[in-house]
Amino acid sequence: MNVKIEPSWKQALAPEFDKPYFKELTDFIRKEYQSSTVYPPPKFIFNAFNHCTFDNVKVVIIGQDPYHGPGQANGLCFSVSDHIAIPPSLVNIYKEIASDLGEAPPKTGNLERWADQGVLLLNATLTVRAHQAGSHQNKGWETFTDAVIQTLSDQKNHLVFLLWGAYAQKKGAVIDTNRHLVLKSAHPSPLSAHNGFFGSRHFSQTNVYLLAYGSDPIDW
């Protein structure tokens, strides 16, 4: 199947694109875009991969669903398009960065600048119907993104995986902790950030690890 995704990912994930589940998934997604309002726009479905090539991945952050409000989702987990109000979870992520690194929070919630530095901002499900959270779950996306995580764990060394919340931690259970750094905390949502996300210092820990293994740190 000819999937419009960045070439290094196309090569790394080639076996997935010919599996029956992926054809069923693409048939479903195609019909959804034709019959409903679906986010993100089609050109942004694989935006996380297009901004962060397989060869350049240094850090992986796992989210769950794209935002389902108008103009928000841009294909990167926790990220929103420019000129959109910064969502509460991302506000808390910025608060933790400020506390951890002493840096003032950005004015935009667009995280493409992270992705361009090697942060794969991976949602478990890459599409969603407008105003219907979870509407594209259990259609095949989770199988695909499980394969992404497994491929990264197996084929790369010394990555940092940031697993925030129970869902991300369950999805990241396949990661080889002998080869990679896995950092876990509560989710940054306002409902749970005070249960261990604040004060986790994941951003400084990530950069210390990257430097130790010869990679440039992330400018958060």
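Quick notes on the rules
- Residues numbered from 1 in each chain as written.
- Predicted model: local features only at pLDDT ≥ 70, side-chain atom pairs only at ≥ 80, totals over all residues.
- Heavy atoms only, no water.
- Helix = DSSP H or I, 4+ residues; strand = E, 2+ residues; numbered from the N terminus.
- Rg over C-alpha atoms; globule rule 2.2 N^0.38 Å.
- Buried < 20%, exposed > 50% of the residue type's maximum accessible area, 1.4 Å probe, protein only.
- Areas by Shrake-Rupley, 256 points an atom, 1.4 Å probe, with all protein chains shown as cover.
- Lys, Arg positive; Asp, Glu negative; His and termini not counted.
- Charge placed at Lys NZ, Arg CZ, Asp CG, Glu CD.
- Polar contact = N/O pair within 3.5 Å; in protein donor to acceptor, adjacent residues only side chain to side chain.
- Contact = heavy atoms within 4.5 Å.
- UniProt positions renumbered as here; feature names shortened; annotations may be inferred.
- Disulfide = S-S within 2.5 Å.
- Core = buried A, V, L, I, M, F, W, Y, C linked by side-chain atoms within 4.5 Å.
- Axes fitted to C-alpha atoms, helices over the stretch in contact; angles between N-to-C directions.
- Parallel < 35°, antiparallel > 145°, perpendicular 65-115°, else oblique.
- Nonpolar A, V, L, I, M, F, W, Y, C, P; charged D, E, K, R; others polar.

**Student:** How do you make sense of the overall build of the protein chain when you look at a structure like this?
**Tutor:** Regarding its fold elements, the protein chain presents nine helices and six strands. Taken against the 2.2 N^0.38 rule, which gives 17 Å for 220 residues, the C-alpha radius of gyration of the protein chain at 17 Å falls within 12% of a compact globule. When the backbone C-alpha atoms are referred to their principal axes, the protein chain occupies close to 45 × 35 × 25 Å. The 220 residues of the protein chain split such that 53% are buried. Carbon and sulfur atoms make up 51% of the accessible area of the protein chain, which totals about 10100 Å². The protein chain carries 19 positive and 20 negative side-chain charges, and their two centres are separated by 4 Å.

**Student:** Help me understand the side chain of asparagine 47 in this model?
**Tutor:** Tracing the backbone shows asparagine 47 in helix H4 (residues 47-51). Among the residues examined, asparagine 47 registers a relative accessible area of 5% and is labelled buried. At 2.7 Å, the side chain of asparagine 47 and the backbone oxygen of asparagine 74 are in polar contact. Excluding residues that lie within four positions of it along the chain, asparagine 47 makes contacts with Asn74, Gly75, Leu76 and Glu112.

**Student:** Looking at this structure, I do not really get the UniProt feature "active site" (unreviewed entry) in the protein chain. What am I missing?
**Tutor:** Under the present numbering, the feature "active site" (unreviewed entry) in UniProt falls on Asp65. Within the element layout of this structure, aspartate 65 appears in the loop between strand E2 (59-63) and helix H5 (88-101). Leaving out residues up to four positions away in the same chain, aspartate 65 has contacts with Asn123, Thr125, Val128, Ala133, Gly134, Ser135 and Gln137. A polar side-chain atom of aspartate 65 sits 2.6 Å from the main-chain amide nitrogen of glycine 134.

**Student:** I keep staring at the state of the cysteines and nothing clicks. Help me out?
**Tutor:** Disulfides are covalent bonds that link the sulfur atoms of two cysteine residues. Summed over the entire model, instances satisfying the criterion amount to zero disulfides. With no disulfide of its own, cysteine 52 has cysteine 77 as its nearest cysteine by sulfur position, at a separation of 11 Å.

**Student:** What exactly am I supposed to notice about the environment of alanine 12 here?
**Tutor:** For alanine 12, the position within the fold is in helix H1 (residues 7-12). Among the residues examined, alanine 12 registers a relative accessible area of 15% and is labelled buried. Remark: the alpha-carbon pair of alanine 12 and serine 204, spanning 192 residues in sequence, is separated by 29 Å. Once you skip the residues sitting within four places of it in the chain, alanine 12 turns out to touch Phe54 and Thr151.

**Student:** Where do I start with the nonpolar core in this structure?
**Tutor:** Within soluble globular proteins, side chains that are nonpolar tend to cluster in buried spots. Among the nonpolar cores identified, the biggest contains 59 residues, and Trp9, Phe49, Ile61, Trp114, Leu120, Phe144 and Leu152 are the most heavily contacted of them. If near-sequence neighbours (up to four positions away) are discounted, phenylalanine 144 is found in contact with Leu13, Glu16, Phe17, Tyr21, Phe22, Phe46, Phe49 and Leu126.

**Student:** Help me understand the side chain of threonine 206 in this model?
**Tutor:** Its place among the elements puts threonine 206 in helix H9 (residues 202-212). Judged by its relative accessible area of 0%, threonine 206 is buried. With sequence-adjacent residues up to four places away left out, threonine 206 is seen in contact with Val59, Val160, Leu162, Leu183 and Trp220.

**Student:** What am I meant to see in H9 here?
**Tutor:** The α-helix advances 3.6 residues per turn, and as a result positions three or four apart in sequence lie on the same side. Looking only at H9, the buried set comprises His202, Phe203, Ser204, Thr206, Asn207, Tyr209 and Leu210. Of the surrounding elements, those touching the buried residues of H9 are E2, H5, helix H6 (112-115), strand E5 (160-164) and strand E6 (181-185). In the stretch just after H9, glycine 214 is the one whose phi turns positive, near 85°.

**Student:** Which parts of the structure should I look at to understand the environment of leucine 162?
**Tutor:** Looking at the element boundaries, leucine 162 is found in strand E5. A residue is classified by how much of its surface remains accessible, and leucine 162, at 0% relative accessible area, is buried. Through-space distance from the C-alpha of leucine 162 to that of threonine 145 is 15 Å; in sequence the pair is 17 residues apart.

**Student:** Got a minute to help me understand the packing of H5 against H9 in this structure?
**Tutor:** Helices that pack against each other are described as a pair by the angle of their axes relative to one another and the distance between those axes. One way to put it is that H5 packs onto H9 with a least axis distance of 8 Å and a crossing angle of 60°. Relative to H9, the element H5 lies oblique. Contact residues: H5 offers Ile93, Glu96, Ile97, Asp100 and Leu101, while H9 offers His202, Phe203 and Ser204. Residue classes in the contact of H5 with H9 are distributed as four nonpolar, two polar and two charged.

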